[in-house]
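Topology and contacts: notes
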Amino acid sequence: MEIKNINILGAGGHAKVVIEIAEELDYKINEIYDQNPEVSKILDYNVSNNLETLTEKENVFFALGNNFNRKSSSQKYHFANFNLVHPSAIISTRTKIGVGNVIMAGVVINSSVKIGSHCIINTSACIDHDCEIEDFVHISPNVALAGNVKIKEGAQVGIGASVKQNITIGSWSVIGAGAVVINDVPENVVVVGNPAKIIKSVVLK
Ligand SMILES: CC(=O)SCCNC(=O)CCNC(=O)[C@H](O)C(C)(C)COP(=O)(O)OP(=O)(O)OC[C@H]1O[C@@H](n2cnc3c(N)ncnc32)[C@H](O)[C@@H]1OP(=O)(O)O
């Protein structure tokens, strides 16, 4: 049987879920890295803080919840050319999908969806027909995207939010938990509520 190797960058809460999906899919986890010198263990794995050696590694999977950090890591490291898809996810065979994405338990992706690279499609999210999700996006748990929604680069749709059909959410914007989005959202803003309204600009960290 082919041995599938993976190195993981990130050792926080999100990384725990990524690790368990990789285990479920029979990946061999070579090493786990985190820049925080106070983090030396995750689950039952040791964590290396020597990120210099990570530049030499292949198949690095970015288990980082911060969308901007996944983008900057993708410019530094040899990223994984595969996706980690939980076996319980239901994904239309007509989905086009890049690399480095994690698709968690209970996700449903319907017909003709496009997903870029290094996205998080979190637990039980539903992405309906013809949606387009660009790179470095995070679709949080229990989000519902209706048909033909476009989520631009680096945006985060917060837990439990709903987005009406044909809506576009601008790059790096944040949709608050539980929001109901019925109008297009420009780039670099935070929106909350029902109906979702802009409350501030996004400061990228
Ligand atoms: C597995 C996982 O954990 S995946 C991660 C899932 N997590 C999420 O989806 C979190 C999404 N984030 C949120 O909802 C955040 O509250 C944000 C991004 C919308 C705002 O966060 P902050 O920038 O820290 O704003 P802050 O907490 O200061 O709130 C600003 C105002 O908006 C209000 N507000 C914040 N979030 C929401 C929300 N989701 N819905 C309604 N109002 C909200 C606050 O009450 C506050 O109002 P006030 O000024 O009248 O007091």
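Residues numbered from 1 in each chain as written. Predicted model: local features only at pLDDT ≥ 70, side-chain atom pairs only at ≥ 80, totals over all residues. Heavy atoms only, no water.

**Quick word on the environment of leucine 204**
Position of leucine 204 among the secondary structure elements: in the segment after β24 (197-201). Residue leucine 204 is classed as partly exposed on the basis of its relative accessible area of 43%. Spatially, the C-alpha atom of leucine 204 lies 9.8 Å from that of asparagine 66, the residues being 138 residues apart in sequence. Look past the residues within four positions of leucine 204 in its chain and what remains in contact with it is Phe68 and Trp172. (Helix = DSSP H or I, 4+ residues; strand = E, 2+ residues; numbered from the N terminus. Buried < 20%, exposed > 50% of the residue type's maximum accessible area, 1.4 Å probe, protein only. Contact = heavy atoms within 4.5 Å.)

**Brief notes about the pattern of salt bridges**
Using the criterion set out here, one finds three salt bridges in the structure. Across the pair glutamate 31 and lysine 57 runs a salt bridge, and its minimum N-O distance is 2.9 Å. A residue pair is termed long-range when its members are at least 10 positions apart, and glutamate 31 in strand β2 (residues 27-33) and lysine 57 in the loop between β4 (45-48) and β5 (60-62) qualify at 26 residues. Taking the relative accessible area as the measure of exposure, glutamate 31 reaches 31% and is therefore partly exposed. In this structure lysine 57 comes out as partly exposed when scored by relative accessible area, which is 25%. We note a salt bridge from lysine 152 to glutamate 134, for which the minimum N-O separation is 3.4 Å. Of this pair, lysine 152 sits in the loop between β17 (150-151) and β18 (156-157) while glutamate 134 sits in the loop between β14 (132-133) and β15 (138-139), placing them 18 residues apart in sequence. The partly exposed category is assigned to lysine 152, whose relative accessible area is 29%. We classify glutamate 134 as partly exposed; its relative accessible area is 32%. (Salt bridge = Lys/Arg side-chain N within 4 Å of Asp/Glu carboxyl O.)

**So, the site of the ligand**
The environment of the ligand is formed by 14 residues, the closest being Gly158, Ile159, Gly176, Ala177 and Lys200. One of the backbone N or O atoms of isoleucine 159 is found 2.7 Å from an oxygen atom in the ligand. Within the backbone of alanine 177, an N or O atom sits 2.8 Å from an oxygen atom of the ligand. In the complex, 39% of the free accessible area of the ligand, which totals 970 Å², lies under the protein chains. Elements that contribute at least two residues to the shell around the ligand include exactly β23 (189-192) and β24. The residue makeup of the shell around the ligand, split by class, is seven nonpolar, six polar and one charged. (Near = heavy atom within 4 Å. Polar contact = N/O pair within 3.5 Å; in protein donor to acceptor, adjacent residues only side chain to side chain. Areas by Shrake-Rupley, 256 points an atom, 1.4 Å probe, with all protein chains shown as cover. Nonpolar A, V, L, I, M, F, W, Y, C, P; charged D, E, K, R; others polar.)

**A word on the UniProt feature "site: Increases basicity of active site His" (unreviewed entry) in the chain**
Summarizing the sequence annotation, UniProt attributes the feature "site: Increases basicity of active site His" (unreviewed entry) to Asp130 in the numbering used throughout. Owing to a relative accessible area of 34%, aspartate 130 belongs among the partly exposed residues under this scheme. Look past the residues within four positions of aspartate 130 in its chain and what remains in contact with it is Ser111, Ser112, Val113 and Asn148. (UniProt positions renumbered as here; feature names shortened; annotations may be inferred.)

**A short note on the layout of surface pockets**
Quantified by volume, the largest pocket comes out at close to 270 Å³. Lining the largest pocket are 12 residues; nearest its centre among them are Asn66, Val174, Val202, Val203 and Leu204. Here the lining of the largest pocket is built from residues that sort into six nonpolar, five polar and one charged. Here the lining of the largest pocket gathers at least three residues from each of two domains, domain 1 (5-75) and domain 2 (84-197). Of the pockets and cavities examined, the second largest pocket occupies roughly 200 Å³. For the second largest pocket, the full set of lining residues is Leu9, Gly10, Asp34, Gln35, Leu51, Leu64, Asn69, Ser72, Ser73, Lys76 and Tyr77. (1 Å grid on protein atoms, 1.4 Å probe; cavity = no way out; pocket = protein on both sides within 12 Å on 5 of 7 lines; lining within 4 Å. Points joined across faces, edges and corners; volume = space filled by probe spheres on them. Domains from an automatic or database assignment.)

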